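Structural overview
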Amino acid sequence: MNEEINLQGDYNESAVEQEAPKLLSKKELKKMKKQQEKEEFSWKKEIISWIKIIVFAIAMALFINEFIIINANVPSGSMENTIIPGDRMVGLRVSYWFNSPKRGDIVIFNNPEYVEGDSPEDSKFYVKRAIGLPGEKVKIKDAKVYINDSKEPLEEGYLKEEWYKNAGYDTGMDYNNGELFFYVPKKGDKVTVKDGVKTLNGNVIVLKNTYMKCSDGTDINKKIKTDVTGEQTLEDGTYVVKKDCYFMMGDNRNDSWDCRYWPGTNYVSDEDVLAKAVVGYLPWRGFYSHPSYE
């Protein structure tokens, strides 16, 4: 009897040792299988998940475009041949977070003349090259730019072509596609004298040393001496840049509406500066040239 009991006891203990791990493993697998069967695919959860991803992506894109870069289309030819009309480019806002524009930088900025609801929408932002820095004297003479009475002009290898329009020639001649334009002001008009040329809203009204009469018989040169108002220069073609402002011009000097012409202000304030243009990507133009004048 004792031997049978002992044999029976030995057999049962061995069986438990062998079968226990197998039974535990099966239970775990069974439990996992039941959990998977309970979990059902939810279209609602899937859609919400994708919406979150899309919203996050849009928010990031808006943040980047508002604070990091500017993605812009250039409609005009004022910066030819550096930037061609229709080009898409990227400007870096971060370039001027801790630094100011340098001479030679291609700068994207708010148009100082833009009036909401009155000006063309595509004129809200301009892109030009920084030429004069805060407090500097910029002199334009014989198609050359001189800074602070320097005897040597700026090297401007980026200009599109020979510069002849509003270029500081002693003749005061101002051309538009080879033609001369005159505009006779009426009483009350505010006339600006720049570079030996008298203009009203950008229209040439009389060339330097040219005699003309207004409708009332008054010599227009005498009339302008008493009527001229607004921003004045120290001499023909000379501009003194205001504090925290910049003097901007396009690379296509013969077809660029820039600081030389703006009535009321000839400068771009620091607060209107938005970004530094860095690359043209559609079509691919590569990285823009920003010559160093230091």
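Residues numbered from 1 in each chain as written. Predicted model: local features only at pLDDT ≥ 70, side-chain atom pairs only at ≥ 80, totals over all residues. Heavy atoms only, no water.

**Here we look at the packing of aromatic side chains**
Summed over all chains, the structure comprises nine aromatic pairs. Members of the aromatic cluster, each reached through a chain of ring pairs, are Phe109, Tyr126 and Trp262. Above the ring of tyrosine 158, the side-chain terminus of arginine 129 is found at 3.8 Å from the ring centroid. (Phe/Tyr/Trp six-rings, centres within 6.5 Å; stacked < 30°, edge-to-face > 60°. Lys NZ or Arg CZ within 6 Å of the ring centre and 35° of its normal.)

**Some remarks on the pattern of salt bridges**
Overall, the coordinates contain eight salt bridges when judged by the stated rule. Its salt-bridge partner being aspartate 149, residue lysine 137 comes within 2.8 Å of it at the nearest N-O pair. Note that lysine 137 is positioned in strand E5 (residues 137–141) and aspartate 149 in the loop between strand E6 (144–147) and strand E7 (192–194), a separation of 12 residues in sequence. For aspartate 149, a relative accessible area of 53% translates into the label exposed. (Salt bridge = Lys/Arg side-chain N within 4 Å of Asp/Glu carboxyl O. Helix = DSSP H or I, 4+ residues; strand = E, 2+ residues; numbered from the N terminus. Buried < 20%, exposed > 50% of the residue type's maximum accessible area, 1.4 Å probe, protein only.)

**Here's the deal with the pairing of strand E4 (residues 125–132)**
Most of E4 is tucked away: seven of the eight residues are buried. Relative to E4, strand E3 (residues 106–110) runs antiparallel, the two sharing five bridges. Among the inter-strand pairings, phenylalanine 109 is bridged to a residue of E4, identified as tyrosine 126. With three bridges joining them, E4 and strand E11 (residues 245–249) adopt antiparallel strand pairing. Across the sheet, residue glycine 132 finds its bridge partner in E11, namely phenylalanine 247. (Pairing = 2+ DSSP bridges.)

**Points about unusual backbone geometry**
Here the bond from glutamate 80 into asparagine 81 is cis, since omega is 0 degrees, no more than 30 degrees from zero. Tracing the backbone shows asparagine 81 in the loop between strand E1 (69–73) and strand E2 (88–92). Cis rather than trans, the peptide bond between leucine 282 and proline 283 has omega equal to -5 degrees. As for its position among the elements, proline 283 is in the loop between strand E13 (273–282) and strand E14 (284–287). Even without being a glycine, asparagine 148 presents a positive backbone phi close to 50 degrees. Checked against the element boundaries, asparagine 148 lands in the loop between E6 and E7. You will see that aspartate 149, though not glycine, has its phi angle at about 65 degrees, which is positive.

**Re the sheet that holds strand E10 (residues 238–240)**
Pairing is antiparallel across the open sheet formed by three strands, whose spatial order is E6-E5-E10. Every interior strand has two partners, whereas the edge strands, E6 and E10, have only one. For this sheet, the mean angle separating the axes of adjacent strands, direction not counted, is 20 degrees. Direction of pairing for E5 relative to E10: antiparallel, over a ladder of three bridges. Within E10, the position partnered with lysine 137 by the bridge is valine 240. (Axes fitted to C-alpha atoms, helices over the stretch in contact; angles between N-to-C directions.)

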